Amino acid sequence: LAMAGEDPALAYVDPPWGPGLATGYRTKAGVPAKVDYWELIRTILSAVQSSRVVFLENGHKWMSQMKVEIEQMGGSVLEDWTGTYYRRHPCRYIMATWGEPVAPKIDLGGWDDDDTPGVVIEAHTKPGELVFDCCTGQGLVSFEAISRGRKFVGTELNPGRMAIALEKIRDLGYAGDPKCIGKL
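These remarks concern the structure in this document. It should be emphasised that the depicted structure is a prediction, and the values quoted were computed from it without experimental measurement. Within every chain, residues take consecutive numbers counted from 1 along the sequence as written. Local features in this predicted model are restricted to residues of pLDDT 70 or higher, and side-chain atom pairs are both shown and tallied only at a pLDDT of 80 or more, whereas totals for entire chains, interfaces and linings draw on every residue. Note that water and hydrogens are dropped before the side-chain values are worked out from all heavy atoms of the structure.

### Notes on the pattern of salt bridges
This is how the line gets drawn: Counted as salt bridges are all cases of a side-chain nitrogen of Lys or Arg within 4 Å of a carboxyl oxygen of Asp or Glu. What counts as a helix is a DSSP run of H or I of at least four residues, what counts as a strand is a run of E of at least two, and both are numbered from the N terminus. Partly exposed describes any residue whose relative accessible area lies between the buried limit of under 20% and the exposed limit of over 50%, with all areas from a 1.4 Å probe on protein chains only and scaled to the type maximum.
In the structure shown here, the tally under the stated rule is 9 salt bridges. Arg52 is the salt-bridge partner of Glu129, the closest N and O atoms lying 3.2 Å from each other. With Glu129 in the loop between helix 4 (116-124) and strand 5 (130-133) and Arg52 in the loop between helix 2 (37-48) and strand 2 (53-58), the pair connects residues that are 77 residues apart, well separated along the chain. The partly exposed category is assigned to Arg52, whose relative accessible area is 38%. Of the charged contacts in the structure, one is a salt bridge between Arg148 and Glu144, with a shortest N-O distance of 2.2 Å. The structure contains a network of salt bridges with shared partners spanning Lys67, Asp80 and Arg92.

Right, here's the structure in full:
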């Protein structure tokens, strides 16, 4: 985020949905396999704290503890909705902040995870503002942000997933800046 030179207006993050997925994902990305899931979540929450508003997407099983972690780190959970993942599996969305409370401008209840990043970006940011995703994956948030005229900063451990994300934003006519693409 230091590279961006500004705090994000919005962070939208879909972190791994539990310890098994976190470890499996890191293994596929070539990162050592043993993962303390809640340490990973606390790292993600630390990364998004400077954002005006944060949206987190995850499975039902982990959301109660996710809320506890947010509050223990000085954040406030502003809203919690139930939606779907891949149009058939239940998931949850949390809206949080570490700053001044922000009123939800949309109701995500019943929305599918393929649609929520664009809706959230449209409702909670203005063109030119910065959107951050520290679990970029295949680039849905980056695509939605850039296609709506927002700036985007993201990170991704898995080079294969990052290649897909970069291809999506190249399809928007974004050539990118080579100094911004690299390994952590």
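### Structural notes on the sheet that holds strand 4 (residues 89-97)
Quick note on the threshold: When DSSP finds two or more bridges between two strands, those strands count as paired. In this analysis, axes come from line fits to C-alpha atoms, helices being fitted only over the stretch in contact, and the angle between any two N-to-C directions falls in the range 0 to 180 degrees. Contacts are assigned to residue pairs that have any heavy atoms within 4.5 Å of one another.
Strand order across the open sheet formed by 6 strands is 3-4-2-1-5-6, with mixed pairing between neighbours. Each edge of the open sheet is held by one strand with a lone partner, namely strand 3 (76-85) and strand 6 (151-154). The mean inter-strand angle of the sheet, taken between neighbouring strand axes irrespective of direction, is 20 degrees. Of the pairings in the sheet, the one linking strand 1 (residues 10-13) to strand 2 comprises 4 bridges and is parallel in character. Looking at strand 2, one finds that Tyr12 is bridged to Phe55. Along the sheet, helix 3 (residues 60-72) makes contact with strand 2, strand 3 and strand 4, crossing strand 4 at roughly 10 degrees. Strand contacts of helix 4: strand 1, strand 2, strand 4 and strand 5, with the helix running at about 170 degrees to strand 1, the strand carrying the most contacts.

### Remarks on helix 3
A turn of α-helix holds 3.6 residues, and therefore any two residues three or four places apart point the same way. By the burial criterion, the buried members of helix 3 are Trp62, Met63, Met66, Glu69 and Ile70. Backbone geometry just downstream of helix 3 places Gly74 in the positive-phi region, at approximately 90 degrees.

### Details of the nonpolar core
This is how it is decided: Residues grouped as a nonpolar core are buried Ala, Val, Leu, Ile, Met, Phe, Trp, Tyr and Cys residues, joined through side-chain atoms within 4.5 Å.
The biggest cluster of nonpolar side chains holds 23 residues, and the ones touching the most others in it are Val48, Leu56 and Ile70. When contributions to this core are tallied by element, the ones reaching two or more residues are strand 1, helix 2, strand 2, helix 3 and strand 4. Per-element tally for this core: the top contributor is helix 2, with 7 residues. Those residues in contact with Ile70 that lie beyond four places of it in its chain are Leu45, Leu56, Gly75, Ser76, Val77, Ile94, Ala96 and Trp98. With 16 residues, the next largest nonpolar core counts Leu10, Val53, Met95 and Ile121 among its residues.

### Topic: the packing of aromatic side chains
Here is the rule: Under the pairing criterion, centres of Phe, Tyr and Trp rings, with the six-membered ring standing for Trp, must be within 6.5 Å; the plane angle then separates stacked pairs below 30 degrees from edge-to-face pairs above 60, leaving the rest tilted.
Enumeration over the complete set of coordinates arrives at 7 aromatic pairs. For the pair Tyr12 and Phe55, a centre-to-centre distance of 6.4 Å together with 15 degrees between the ring planes defines the contact as stacked. With Tyr12 in strand 1 and Phe55 in strand 2, this pair connects stretches of sequence that are 43 residues apart. A relative accessible area of 1% places Tyr12 in the buried class. Summarising the aromatic geometry, the rings of Trp17 and Tyr85 are spaced 4.5 Å apart at their centres and angled 40 degrees between planes, so their arrangement reads as tilted. One end of the pair, Trp17, is in the loop between strand 1 and helix 1 (19-28); the other, Tyr85, is in strand 3, and 68 residues separate them in sequence. Taken together, Tyr12, Phe55 and Trp81 form an aromatic cluster joined through their ring pairs.

### Some points on the pairing of strand 3
Sheet topology note: the strand 3/strand 4 ladder contains 9 bridges and is antiparallel. Looking at strand 4, one finds that Glu79 is bridged to Met95. Where strand 3 folds back on strand 4, the antiparallel hairpin that results is connected by 3 residues, among which Tyr86 adopts a positive phi of roughly 55 degrees.

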